[in-house]
Structure formats: structure tokens, C-alpha cells
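An overview of the molecular structure
What follows is the residue order along each chain.
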Amino acid sequence: MRPAIELPTRIARALVSASNQTSPTRSWTPQLEHTLHRLGCRNSLSPQLISRVIDPFLITHPSLALGFFNWASQQPQFVHDSISYQSILRSLSISRQFNAIDSILKQAKAQNVVLDGDTYGSVISSLIQGRRTKNAFLVFNEVKLLSHRIGADICNSLLAALTSDGYLDNAEKMFDEMCMRDLPFTTIGFGVFIWRFCRNANLDRVLRMLDDVKRGNCEINGSVIAVLIVDGLCKASKVNEAMAILNELRIRSCKPDFMAYRIVAEAFRSNGDVVDTDRVLKMKRKLGVAPRGNDYKLFVLDLISERRVIEAKELGEVIVSGNFPIDDDVLNALIGSASAIDPGKLPTLLTLSNLSRNLCKHGKIDELVEVFRVLSNNDYFEDKDSYSVMVSFLCKARRVREAYGVLQEMKRKGFASSASLYNSLLEACCSDDLLRPAKKLWDEMFANRCGVNLKTYNILIGKFSQVGELEEALRLFGHMLENGVAPDATTYKSLLEGLCKEDKIEAALDVFNKSVQQDGILSQNTLRIFILNLCRNGHLVVASELLRSLTVNKGVGHSDSHVVLLKCLADAREISIAIEHIKWVRDTSDSMLQAISREILASLSSSSNPGPILQLVQSAQEYLTFDDVSWKDCAAGHA
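Keep in mind it's a predicted model, so treat the numbers as computed, not measured. (Residues numbered from 1 in each chain as written. Predicted model: local features only at pLDDT ≥ 70, side-chain atom pairs only at ≥ 80, totals over all residues. Heavy atoms only, no water.)

**Some words on the overall build of the chain**
For the chain, the helix and strand inventory stands at 37 helices and zero strands. Computed over the C-alpha atoms, the radius of gyration of the chain is 39 Å, more than 25% above the 26 Å expected from 2.2 N^0.38 for a compact globule of 639 residues. The 639 residues of the chain split such that 51% are buried. Intrachain contacts of the chain at a sequence separation of at least 6 include 66% that bridge at least 24 residues. Surface exposure of the chain reaches about 30,000 Å², of which carbon and sulfur atoms provide 48%. In the chain, 75 side chains carry a positive charge and 74 a negative one; their mean positions are 6 Å apart. (Helix = DSSP H or I, 4+ residues; strand = E, 2+ residues; numbered from the N terminus. Rg over C-alpha atoms; globule rule 2.2 N^0.38 Å. Buried < 20%, exposed > 50% of the residue type's maximum accessible area, 1.4 Å probe, protein only. Contact = heavy atoms within 4.5 Å. Areas by Shrake-Rupley, 256 points an atom, 1.4 Å probe, with all protein chains shown as cover. Lys, Arg positive; Asp, Glu negative; His and termini not counted. Charge placed at Lys NZ, Arg CZ, Asp CG, Glu CD.)

**Focus on the UniProt feature "repeat: PPR" (unreviewed entry) in the chain**
Cross-referencing UniProt, the feature "repeat: PPR" (unreviewed entry) maps to residues 222-256, 383-417, 418-452, 453-487 and 488-523 in the present numbering. Helix makes up 74% of residues 383-417 and strand 0%, and the two end C-alpha atoms of the span are 12 Å apart. (UniProt positions renumbered as here; feature names shortened; annotations may be inferred.)

**Some words on the confidence of the model for the chain**
Considering every residue of the chain, the mean pLDDT works out to 86; 92% of them sit at 70 or more. Taken element by element, the predicted model of the chain shows its lowest mean pLDDT in helix 37 (residues 628-637) (54) and its highest in helix 12 (residues 187-197) (95). For residues 339-344, every residue scores under 50 in pLDDT, and the model assigns this stretch seven contacts once sequence neighbours within four places are set aside. (pLDDT = per-residue confidence, 0-100.)

**Comments concerning the pattern of salt bridges**
What the rule picks out here adds up to 30 salt bridges. Lys235 is paired through a salt bridge with Asp231; the nearest N and O atoms lie 2.7 Å apart. Remark: Asp231 and Lys235 occur in helix 14 (residues 222-235); sequence separation between them is four residues, near one turn of the helix. Among the residues examined, Asp231 registers a relative accessible area of 6% and is labelled buried. As a salt-bridge pair, Arg586 and Asp587 come within 3.3 Å of each other at their nearest N and O atoms. (Salt bridge = Lys/Arg side-chain N within 4 Å of Asp/Glu carboxyl O.)

**Comments concerning the packing of helix 33 (residues 559-571) against helix 34 (residues 575-588)**
One can describe the packing of helix 33 onto helix 34 by two numbers: an axis separation of 8 Å at closest approach and a directional angle of 155°. Comparing their axes, helix 34 and helix 33 come out roughly antiparallel. Seen from above, helix 33 lies across helix 34 with left-handed handedness. In contact with His562, Leu565, Leu566, Leu569 and Ala570 of helix 33, helix 34 contributes Ile575, Ile577, Ala578, His581, Ile582, Trp584 and Val585. (Axes fitted to C-alpha atoms, helices over the stretch in contact; angles between N-to-C directions. Parallel < 35°, antiparallel > 145°, perpendicular 65-115°, else oblique. Left-handed = near helix turned anticlockwise from the far one by under 90°.)

**What about the packing of helix 7 (residues 117-129) against helix 10 (residues 152-164)?**
Closest axis-to-axis distance for the helix 7/helix 10 pair is 10 Å, and the angle between their directions is 25°. Compared by their axis directions, helix 7 and helix 10 come out roughly parallel. For the pair helix 7 and helix 10, the crossing hand works out as left-handed. Across the interface between the two elements, Gly121, Ile124 and Ile128 from helix 7 touch Ile154, Ser157, Leu158 and Ala161 from helix 10. Taken together, the residues that form the contact of helix 7 with helix 10 break down as five nonpolar, two polar and no charged. (Nonpolar A, V, L, I, M, F, W, Y, C, P; charged D, E, K, R; others polar.)

**Here we look at unusual backbone geometry**
Here Asp55 and Pro56 are connected by a cis peptide whose omega angle stands at 25°. Here Arg96, not a glycine, exhibits a phi torsion of approximately 60°, which is positive. Mapping Arg96 onto the fold places it in the loop between helix 5 (82-95) and helix 6 (98-110). Since its relative accessible area comes to 28%, Arg96 is described here as partly exposed. One non-glycine residue with positive phi stands out, namely Arg131, at about 60°. As for its placement among the helices and strands, Arg131 is situated in the loop between helix 7 and helix 8 (133-142).

**Considerations on the nonpolar core**
In this structure, Phe190, Val264 and Leu315 are the most contacted members of the largest nonpolar core, which totals 109 residues. Element by element, the count of residues in this core is highest for helix 14, at nine residues. When sequence neighbours within four positions are dropped, the list of residues in contact with Val264 reads Val230, Cys234, Val239, Ala242, Met243, Leu246 and Val280. With 93 residues, the next largest nonpolar core counts Val371, Tyr387, Leu534 and Leu547 among its residues. (Core = buried A, V, L, I, M, F, W, Y, C linked by side-chain atoms within 4.5 Å.)

**Considerations on the packing of aromatic side chains**
What the rule picks out here adds up to 15 aromatic pairs. Centroid distance Phe175 to Phe193: 5.1 Å. Interplanar angle 20°. Geometry classified as stacked. Of the two residues, Phe175 is situated in helix 11 (residues 168-180) and Phe193 in helix 12; the sequence distance between them amounts to 18 residues. The exposure classification of Phe175 matches that of Phe193, with both residues buried. Note that Arg196 overlies the ring of Trp195, its terminal NZ or CZ placed 5.2 Å from the centroid. (Phe/Tyr/Trp six-rings, centres within 6.5 Å; stacked < 30°, edge-to-face > 60°. Lys NZ or Arg CZ within 6 Å of the ring centre and 35° of its normal.)

Take a look at the structure:
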């Protein structure tokens, strides 16, 4: 026989080699027992040898480890002790062989074998990860005297698991046991527990629990705990209690941050309680602190690593709905774990909208697309509303190809595409200068009878005017008038800006006359835009003549349009043209001259660059009707 130190290696290699020939491989068969007999190792059997073969050589081959353990049990005059039991339980725990674990534990108990805390810890941890939470608690209950040897981390994991899986009575017993044995609490353990527990408990009980935790050697993050408590209370419609506990939390060094106050304020707002909403927001400004993003990042990642995915998702929703920043790695972890969520617990449409808005705001477009991919794989998008959210945010993210693909998928499933979805796609195309696809979408809208509306026209007219395709813009303008779609200020603004930029003054005047025919108030707003664009493009004399003509012939010109013109003339240092215009106004309407004088004086007082206007006023003061005192005071202030 080789030296004893080599024997575990020889046995393990022989078993692994022989098991490669079995079917299935690495399974225990009688042939492996013959292999052991040929090695002649029965006379050398001891619990220490069993342990050294299993750990480390067979630790990840549970079938071989258990077969070897059981074979040794059958050998004459051989008895396992704690060393061999602990090694086999470690192997079975790693591979989550739960039936075998239960059987080995019963054997050990029947033979009065004492196992160490580390072994029980590995068993409990394995049961938690395998979602056998109640069994894990039963094991803990049998060996709770070894709590300190099992470890505070595993105890906190069990507390969180019992809570998350709905065993609240057992979770409360676990909490009391940890308090009695002075085991330190972590944010994961106590946080998940109190988040759920406070929904059905009175405030005094919640605060006593918090005091018990704070008295120990705890490792909890006070602000995170505060958010979890108030969120739990608000989810249970205990909004008044949530507001009352804010001060109690602050006293106990669990200072609520902006997230906590926002949760309570939003709960009051959703109830229509404006007074209490304002009270909480004032408390937030006075007493709150900005959330420490890294604290929430670590907590969410810890939740995911503990497989508390539902809780991680809920906290992610709280962060996103409040528009608080969230790091890439946290988002990636949440997205990656989303496929493990029960489809019945997928995010609501409101939550998805909030998440998508937050991702777009922070430029996390790849993450947004990945969220939609994961949800699609879970059959999340099953109606028009959910599809509309996806199309809308893909367009905001300017992922036109993906958005169009979703639109086609909707059509295949029989969902009618609305004008609003096509408008979103049109805006995205125009933002990226994709005019040919935009024109095709326009044709498709008519083919599908989607109901082209004012926004559709404005998107395309605005883009065509911007890029100088004015004939196309005017064609669409005529098309909308023929179809009874009334232009608005946006329509006229786009056209007049484009036409003036290209010096198409006659066409611009025709467009403006349409606004006069359409609506008097609309034409006044349009006139200001028209005058401003004429001046910006150097048509100063044309603007003055146009304004005089409109004022005399159509009664369109108001004092504010004249003021726009005079300011533009002052900025261009065309003082002579401005004075001629002022003279004309004086001769035409004294009341209008007084109104223009007041507006120019007001603009002089509020302007950050009053020089040009001051020069105009000084040159034309004999024609303008300023009050002497106000004019002198204003002029002195800008001298």
C-alpha cells in the first residue's frame, strides 16, 4: 500500500475514471464497488479517509460522494463519525441533493453524531437557495443553540427568505431568536423582514423591533431601512402612520432621505390630500438628505445575490418612479434577473413607463432595449397598451428600426396601429433626418386609415420647412386645408420660418393671410412670428411696410408686433428706419403710439442688453410719448 497521504487521491481518481464508463456518467454502480475492492482499501478505511476522498476530490460529484459514503457504511466494523458526516453533507449541500441531505441528517441524529455549525450553515444555505425555506427553518430550529457557529449572515439570509416566501410567523420567531442570542442584523435580513412585517403591525411594535436591532451590534443602513418601512406602510394604505414614523426614524438615527419623503408625499397625492402632501414636501426640504446612490446600489445587488428578486424589483421601481439615478450595473443586474421572475409578478405598465422614462433620461438606451427583450420573452406584451409603451419609448430613444418592427408585430397580432404611434415614429425619423422612411410612413398611414391628424402634419411640415423642402411643406399645408384639418400656431411658425429663410416672401404672405382668414387671435400671434423672421433674415424694410399695410387695410397690427419690429431695427442699428416707422405710427394712431412707448420702456427696464433700445429711445424721444419722470429714471439707471 502506498503512503496514506496518496491513498485518497488514488481512490478518488479510480472512482472518477470508472464512473466515466457508467451510464449515466458519474453515477454510482456496483462496478464502482468492485473498483474499490480491487484497490484493497477496506483495511485502511477511517472517517478521516472518507472525508479526504470526498473533500476535495468528490465534492462536486454528489452521486460518487454519496455512493462512497454508503459503501463505507456497509463495511464490517466501520462506523462514520462527525468528520465523514460533515464532508458528505458539504458535498450534498453544494449540489442541492435535498432528499439525500434529509436522509443523512436523520442518520446522524439517530447515531447521536454531533455536527459543527459550519455544516448546518451550509445545509441551511443550500435549502434557502433551493427555495426550501420552511425546511431550512426546521433545521435551524433543531440546532439554534449553534446560532453563532452557523453565522449571522446565514441567519439573516434565512430571516429574509422566510419573510419573502410568506412565512411571516416563522420569520417573527426567527427575529426573536436572533435578538435573544445577540446575533447582529444586516440591512438585508432586517430590511426585508421589517418591509413586510410593518404592513400588518402597529407602529409601537415596529419601533420596538427597530430599538432591539439598534441596541445590538447591527450592521444596518438607517436610511435604507427608513425607505423600506415607509414604503411598506404606504403599500398597506397606512399613509398617516408613515408620516408619523418619519420623525421617530430620524430620532433613532435612521434619517429618512428624499426617497422616503417622496414615497409618503406621493401616497398622500394619490389620495387627493393636497395639504398633507405639501406638509411632507416641506419636511423633505427641511429635514431630508439626498439619497446616497451607492447605498441603494449595494442593497439592490445584495438582494439579487440573495435571490430576493421580487424585493429588488420593488425597490428598483421605487428608485425609478422617483426619477432618482440608478447605476448601469444595478440596471443590468435587475434586467438579467427579470427572466427569473414569476410572470404574474412582472412590472405593471406604469412601472415599465417610469423605468423606460428613467432609462431614456440617463441615456441608457441599450439597457432599455434589453428590458423590452426580456419582457417580450416572458410574453409581457399582449395588448395594444403595452405595445404602445414599447413603441413610444423606442421612438424616444431614437431606435426607429426596432420601433417599426414592433409596429409590424402589432399588426400581425391584429392590433390596430393608432395615429399617435405613427406620429412617434415620424418624430423619431425626422429627428434623425430619415426623410424617405418618414414619407413611407405617411403613405402607410393613409393606406392603413390611421387617421392623420394635426400633429402628423406639424411633424412633417416642420421638418420639410427646416431642411428647405418648402414645396413639399406647402403641398402638405394645402392637403391639410383640403381635408379640414385646421393649422395651429406651430404650423404657421414652421412655414413662415422656412419661407423667410429662403426669401420666399410672397409665399409667406399667402400663408400668413390664411391665418388671418382662420382666426383673429391666431393671426396676431402669427404676425409676431412673421415680423421676427422677416427681420432675422434681413427683410427689415419689407417687415415695416407689411406691418403698416396690415394695420391700415386689415386692422391686424397690434402694438406688440410693432414693438418686435422696433427692437429688431434697434438691434440691427437701423435707427433711421425705426424713426420713420415711429412717425408713421404717431400719425396713424396716438393710442397705439402710447402702447408702444410703454412696452419699449418696460423692455428697456428688464433687458440684459439695453444699449440698442436705449439708443433708439434717445434718438426718437421727441416722437415717443414717455412719461418724463419714468423715462428719466430709466435712462439714468442705464447711463
